[in-house]
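Overview (structure and organization)
Listed here are the chains, written in short residue letters.
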Amino acid sequence: MADLQLAGKRALITGGGSGIGRATARLLAEEGVSVGVVDIDDDAAEQVASEISRSGAQAVFFQADVAEEDQVARSIEAITAKFGGLEILVNNAGIPGGPWTTLDQTDAERWERTMAVNLRAQQLYCRGVFPYLSRAGGAVVNNASSAALAGWPQAADYAVSKAGVVMLTRQLAAQWGRHGIRVNSVAPGIIDTGFGRGPASRRQPPAPPAERDLKYFPLGRVGHAEDVASVILFLVSDMARYVTGECILIDGGLLQMSYPALLGR
C-alpha cells in the first residue's frame, strides 16, 4: 500500500463524536494522526477520543456548538495548543434542519440555524485554522451532501446550505493554493449513520432501509460511515497531493442512476 504520509500530522474534526466524523477520526488515528474531536455532544466526543487513546494514538476532545463563533475559536485554540499546531481540518458537523419542509414552509429561525451550523461554521473553522495550515501546508475537507448537487424537494434549507459548502470549498481552494493548502469537499448520499436523530439515538445502530428501497441503490446497499471516511482519508493524504477544489460524490451511484425514481416512487 502506498505511504499516505500522514504519520505525525495533527487534525481537527468537527462533529467527530458519531457517524462520519467518528469513522474519520478513527481512520486517521490508525495512520498515526493526532486527532482533536469536536462535538456538541461532549460525552460522544470524549468516548471517541478515549477509544483512540486506548489504541495508542493521541486524541483530545472539546465540546462546542460550532454555530457559536467564540466556541469555535476556543476549540481551535485548545486543540492547537495541545498538539502544537495543525495540518488537517475536517469540517464534518452539520444538522438536517429538522422535519423536512419545502422552501415556503421554512421559517426564518430554522433557516438561520441551518446556515449557521452547516455553512457559517465551516467558514469560521477554515478562517480560524488558516494561520496554522499556512505555515507548512495542509488539507481541508468540508462535508457537503448529494443534496447540494441535485436538491431535495423537502429539504430546502439543508440543500442550500450544502450547496454553499461546495462553493466555499472552491473559493478557498483558489485562494489558498499558493499557501500550499488543498481544500476539497465530499458529498455523501444516504449513509447509515444516526444523522438527524437526537444525541442518545445517534449512538445506536440505525434502522436498515426498507427492503423495497434497496432496488434503487445500484450497489444494493446504503452507504456506511467508513465509505465516506476512506475518501476523506485519501483527500487529506499525500495520495491526493494534486487534488484541490473538488467535490466528490459518495452515494454508490444513487444520484446518477436512481435518485429521481426513488423520489418519485
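Before reading on, note that the structure itself is shown above.
Figured I'd write up the structure that's included with this text. (Residues numbered from 1 in each chain as written. Predicted model: local features only at pLDDT ≥ 70, side-chain atom pairs only at ≥ 80, totals over all residues. Heavy atoms only, no water.)

A separate point is the nonpolar core. The biggest cluster of nonpolar side chains holds 33 residues, and the ones touching the most others in it are Leu 6, Leu 28, Val 35, Ile 52, Val 186, Ile 232 and Val 236. At the level of elements, strand S1 (10-14), helix H1 (19-30), strand S2 (34-39), helix H2 (42-54), strand S4 (88-91), strand S5 (138-143) and helix H7 (225-236) are the ones that each hand at least two residues to this core. A total of eight residues in this core trace back to one element, the largest contributor, which is H7. When neighbours within four sequence positions are excluded, Ile 52 is seen to be in contact with Ala 25, Arg 26, Ala 29, Val 35, Ala 57, Gln 58 and Ala 59. Ranked by size, the runner-up nonpolar core spans 28 residues in total, among them Ala 67, Ala 116, Val 129 and Leu 172. (Core = buried A, V, L, I, M, F, W, Y, C linked by side-chain atoms within 4.5 Å. Buried < 20%, exposed > 50% of the residue type's maximum accessible area, 1.4 Å probe, protein only. Helix = DSSP H or I, 4+ residues; strand = E, 2+ residues; numbered from the N terminus. Contact = heavy atoms within 4.5 Å.)

Let us look at the packing of helix H3 (residues 69-83) against helix H4 (residues 108-136). Relative to each other, H3 and H4 sit at 35°, their axes nearing to 10 Å. Note on packing geometry: the crossing formed by H3 with H4 is right-handed. Between H3, through Glu 69, Val 72, Ser 75, Ile 76 and Thr 80, and H4, the contact on the second element is made entirely by Arg 120, Leu 124, Tyr 125, Arg 127, Gly 128, Val 129 and Tyr 132. Its residues assigned to classes, the contact of H3 with H4 comprises six nonpolar, three polar and three charged. (Axes fitted to C-alpha atoms, helices over the stretch in contact; angles between N-to-C directions. Left-handed = near helix turned anticlockwise from the far one by under 90°. Nonpolar A, V, L, I, M, F, W, Y, C, P; charged D, E, K, R; others polar.)

With that settled, consider unusual backbone geometry. In this structure, Gln 5 is a non-glycine residue whose phi angle is positive, near 60°. Along the chain, Gln 5 falls in the segment before S1.

Below, the discussion takes up H7. The end-to-end C-alpha distance of H7, which contains twelve residues, comes to 17 Å, matching closely the 16 Å that a straight helix rising 1.5 Å per residue would cover. Among all positions in H7, only Ala 225, Val 228, Ala 229, Val 231, Ile 232, Leu 233, Leu 235 and Val 236 are buried. Buried positions along H7 lie against H1, S4, S5, strand S6 (181-188) and strand S7 (247-250). (Expected span 1.5 Å × (residues − 1).)

With that settled, consider the side chain of Asn 91. Summarising the element assignment, Asn 91 is placed in strand S4. Under the relative-accessibility criterion, Asn 91 is labelled buried at 1%. Among residues more than four places away in sequence, those in contact with Asn 91 are Thr 14, Ala 121, Gln 122, Tyr 125, Cys 126, Val 141, Asn 142 and Asn 143.

What follows concerns the packing of aromatic side chains. In total, this model carries one aromatic pair according to the counting rule given. Taking the centre distance of 4.9 Å and the plane angle of 35° together, the rings of Phe 130 and Trp 176 count as tilted. Taken together, the residues span a long stretch of sequence, with Phe 130 in helix H4 and Trp 176 in helix H6 (residues 156-176) at a distance of 46 residues. Under the relative-accessibility criterion, Trp 176 is labelled buried at 6%. (Phe/Tyr/Trp six-rings, centres within 6.5 Å; stacked < 30°, edge-to-face > 60°.)

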